[in-house]
Every structure is written in structure tokens, then in C-alpha cells.
Amino acid sequence: ETAQRTACDCIETSITTTHSTSVQTVSKQQPSMDEETLITSTQTLLDAIASADYETYQQLVDPSLTSFEPEAVGYLVEGIGFHKYY
């Protein structure tokens, strides 16, 4: 039985073959302390945002934060005071 291989099949096979060893190596490594701290801090920030916990949010975010938010309708938001309400 002869199957036609497309360019996508060849690329996928090549990527899988080339990276299978490195993927296995990476998956066996434990996260470093810095990675764990980053992951934990990010989760804490996301939880604070989701629960509107402004006190925790304020502790984790730089007070000079700037952002474009949908609620600001195209205006640049400077500082974190805006995020107390949005």
C-alpha cells in the first residue's frame, strides 16, 4: 500500500524526529527556583485580578504600570489606580 505524503507530513515528521530527544530531556528537568517563583507569583496575580483583590494586585504590580484597556476606549492608562475599579 503506497500512501502519498504531503509537504506537511514531511515537515511534521522532521520536527518530531529532530526534537523528540530534546523534548524528552526538557520534560525530565525540574523547574528552577526562579521559574517556580515566577509561576507562583503569576498565579497569585491572576487570582488577585479574578477576585478583584486590589491590595494583593497593588503589591505585585509596578505602580508606574501603563496599559491600553478596553474600558479606557483607546486612551493610555498610567498607574494602577484605574485597576482598582476595572
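The rules behind each value
- Residues numbered from 1 in each chain as written.
- Predicted model: local features only at pLDDT ≥ 70, side-chain atom pairs only at ≥ 80, totals over all residues.
- Heavy atoms only, no water.
- Helix = DSSP H or I, 4+ residues; strand = E, 2+ residues; numbered from the N terminus.
- Buried < 20%, exposed > 50% of the residue type's maximum accessible area, 1.4 Å probe, protein only.
- Contact = heavy atoms within 4.5 Å.
- Areas by Shrake-Rupley, 256 points an atom, 1.4 Å probe, with all protein chains shown as cover.
- Polar contact = N/O pair within 3.5 Å; in protein donor to acceptor, adjacent residues only side chain to side chain.
- Expected span 1.5 Å × (residues − 1).
- pLDDT = per-residue confidence, 0-100.

Chemist: Can you help me understand the overall build of the protein in this one?
Modeler: Counting its regular elements, the protein contains three helices and two strands. Sequence-ordered secondary structure for the protein, helices as α and strands as β, is α-α-α-β-β. Burial status across the protein gives 13% buried among its 86 residues. Look at the contacts in the protein between residues 6 or more apart in sequence, and 11% of them connect residues 24 or more apart. About 7,400 Å² of surface is accessible on the protein, with carbon and sulfur atoms providing 57% of the total.

Chemist: So what exactly am I meant to see when it comes to the environment of P63 here?
Modeler: Within the secondary structure, P63 sits in the loop between α3 (54-60) and β1 (66-68). Expressed as a C-alpha distance, the spacing of P63 and G79, which sit 16 residues apart in the sequence, is 5.4 Å. Excluding residues within four positions of it along the chain, P63 makes contact with G79 and I80.

Chemist: Just checking my understanding: could you explain the side chain of H83 for this structure?
Modeler: The topology assignment puts H83 in the segment after β2 (76-78). Non-local contacts of H83, meaning those with residues more than four positions away in its chain, are made with Y54, Y57, L65, S67, E69 and V77.

Chemist: Would you explain the side chain of T56 in this entry?
Modeler: With respect to the helices, strands and loops of the structure, T56 is situated in helix α3. A polar side-chain atom of T56 sits 2.6 Å from a polar atom in the side chain of D53. When near neighbours in sequence (up to four residues on either side) are disregarded, T56 contacts T44 and A48.

Chemist: So what exactly am I meant to see when it comes to helix α2 (residues 33-50) here?
Modeler: Along an α-helix, residues three or four apart share an orientation, since each turn contains 3.6 residues. Spanning 18 residues, α2 covers 26 Å between terminal C-alpha atoms, matching the ideal 26 Å at 1.5 Å per step. Remark: A52 follows α2 within two positions and exhibits a positive phi of approximately 55°.

Chemist: Honestly, the confidence of the model for the protein in this entry has me stumped. Any pointers?
Modeler: Detailed reading of predicted coordinates is not advised where the pLDDT is low. Taken residue by residue, the protein gives an average pLDDT of 76. The fraction at 70 or more is 65%. Model confidence for the protein, summarised as mean pLDDT per element, is weakest for helix α1 (residues 7-28) at 45 and strongest for β2 at 95. A low-confidence stretch, residues 5-26 (pLDDT under 50), is modelled with three contacts involving residues beyond four sequence positions or located in other chains.

Chemist: Whenever I open this one, the environment of L65 confuses me. Can you help?
Modeler: When you line up the elements, L65 lands in the loop between α3 and β1. Taking relative accessible area as the criterion, L65 reaches 26% and is therefore assigned partly exposed. Each C-alpha atom, one on L65 and one on G79, is 5.0 Å from the other, the two residues being 14 residues apart in sequence.

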